[in-house]
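# Structural characterization, general
Spelled out, the chains give:
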Amino acid sequence: MSHELQISKYEKEEIGRALIRPPKMYGKVILSVVFLLLLAFSYSIFIGSLDFRPYFFPLLPEQKQQRSQSCDYEPLKVYMYDLPRRFHVGMMDPEGPQGEEPVTAENIPQWPENAGVRKQHSVEYWLMASLLFEGRGREAVRVLDPEAADAFYVPFFSSLSFNTHGHNMTDPATEGDRKLQVEIMDMLHKSKYWQRSAGRDHVIPMTHPNAFRFLRQELNASILIVVDFGRYPRSLSTLSKDIVAPYVHVVDSYTNDTAKDPYESRKTLLFFRGSTVRKDEGKVRAKLEKILLGQEHIRYERGRPTTHAIQASTEGMRSSKFCLHPAGDTPSSCRLFDAIVSHCVPVVVSDKIELPYEDEIDYTKFSLFFSDTEALQPGFLIKKLSEFPKEKWLEMWRNLKNISHHFEFQFPPAKGDAVDMLWRQLRRKLPGVQLATHRSHRLRVPDWWRRR
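Here the structure is a predicted model, which is why all the values come from computation and not from measurement. (Residues numbered from 1 in each chain as written. Predicted model: local features only at pLDDT ≥ 70, side-chain atom pairs only at ≥ 80, totals over all residues. Heavy atoms only, no water.)

## Things to note about the sheet that holds strand β10 (residues 345-349)
One open sheet accounts for five strands, arranged β8-β7-β9-β10-β11; its pairing is parallel. Here the strands that pair on one side only, and so sit at the sheet edges, are β8 (298-302) and β11 (368-369). Judged from the two bridges that link them, β10 and β11 form a sheet pairing that is parallel. Among the inter-strand pairings, Val 347 is bridged to a residue of β11, identified as Leu 368. Contacting β7 (268-274), β8 and β9 (320-326), helix α11 (residues 307-318) runs over the sheet at an angle of about 165° to β7. Seen against the sheet, helix α15 (residues 390-403) touches β9, β10 and β11 and runs at an angle of roughly 95° to β10. (Pairing = 2+ DSSP bridges. Helix = DSSP H or I, 4+ residues; strand = E, 2+ residues; numbered from the N terminus. Contact = heavy atoms within 4.5 Å. Axes fitted to C-alpha atoms, helices over the stretch in contact; angles between N-to-C directions.)

## What about the side chain of Asn 210?
By secondary structure assignment, the location of Asn 210 is in the loop between β4 (202-205) and β5 (223-226). The exposure class of Asn 210 is buried, given its relative accessible area of 15%. (Buried < 20%, exposed > 50% of the residue type's maximum accessible area, 1.4 Å probe, protein only.)

## A short note on the pattern of salt bridges
Overall, the coordinates contain 20 salt bridges when judged by the stated rule. Its salt-bridge partner being Arg 178, residue Glu 175 comes within 2.6 Å of it at the nearest N-O pair. Taken together, the residues span about one helical turn, with Glu 175 and Arg 178 both in helix α7 (residues 175-190) at a distance of three residues. Within the structure, one salt-bridge network assembled from shared partners comprises Glu 139, Asp 359, Glu 360, Lys 415, Arg 424, Arg 427 and Arg 428. (Salt bridge = Lys/Arg side-chain N within 4 Å of Asp/Glu carboxyl O.)

## Comments concerning the side chain of Thr 268
Along the chain, Thr 268 falls in strand β7. Since its relative accessible area comes to 11%, Thr 268 is described here as buried. Leaving out residues up to four positions away in the same chain, Thr 268 has contacts with His 297, Arg 299, Ser 319, Ser 320 and Lys 321.

## Digging into the sheet that holds strand β2 (residues 140-142)
The six strands are arranged β2-β1-β3-β4-β5-β6 in an open sheet whose pairing can be described as parallel. On the outer flanks of this sheet lie β2 and β6 (243-244), each paired with one strand and no other. Two strands pair when backbone bridges link them, and β4 and β5 are joined in this way by three bridges, in the parallel orientation. In the strand pairing of β5, Val 203 is matched with Ile 223.

Keep in mind these values describe shape, not function.
Written out as structure tokens, the structure reads:
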């Protein structure tokens, strides 16, 4: 006998409909949740925490610019010491005024056109001029209240002082350079702002390798602006503390480089013009001369930095695909930056070179780098450059045109030019300055970390 429950066909249909039909209670819950979500959504729009306007009404260009500017960081605040003219612009014209009249954007003398090779070390001048300018949209602005400053700029033209006082290291006239350095350090040691940080937040331009040579060890805690580290011991200058600046280029910028086929229009494969008798790492120049002199499509020329030589270099770089940059007395030289503004792809042969703004710029996008050992192999450079693909060269040429404005020194200064980039580098150094200053206030065993 079967014990299964007997269910009629009608009862089965009723049970099925009941299972798939949600109870009225569930329907009310769903409606309540939807209502609460709509209420929260409406309230968010009302108080402004949700803004859907950009999705349906795109910003106009001027609105985008306003939003971008509102998000920009504040410019760096720099206090510039007010020094008598004999420490800076007075050296540009020894016959000119040397009194106490303050230098302003209106009366600062222009950098002389006939300065020749001295121009390459004029970073100190352009930094000072940029702080005198009162335009908007700059990386750094001058403040007259030292209490409000993020950093302190010392406008002593130490490179020009070396070049002005005497013709060589043993000339008695170099005493004038030494006296200026003594006066500067005496003034700084008396400044409470120097004492507060032991000079760590003070910026000192020293782009000539012999600049500030008498008292430079007293600046070993300051932020030095250098072009390389060839003449400075590690106790004085390091990449972590200091700022690498470009030399100021001495050839004219190639502003109308508009050839339809720039690769074919530049007939010379590799160009170099300069002194081949140099010290230290610069001895590689004489060795390269033996390998490259007289080779087809290679111009390897000796020359001194005269007005005629600068004109010849301008022509040579603009008509060459590649420009050779071997080390000089120090790892770097002005020649690299002359090549950049000439849109001639630099070929760098300098094992110890350091480059400006390298945290922002990848030099391998527009330059070639070879070690001394590689470059001195007979036939190595010529083979590498002769086989270099045209399309790759054109890409580097376009990159040079896009970045060359970062190596322009000018007045009034412009956004993204060389001075603007240097102030941006300073901004990145300041957190380390604050760390070192704060640690120095509480350490009883100075520099214990370095002794490990």
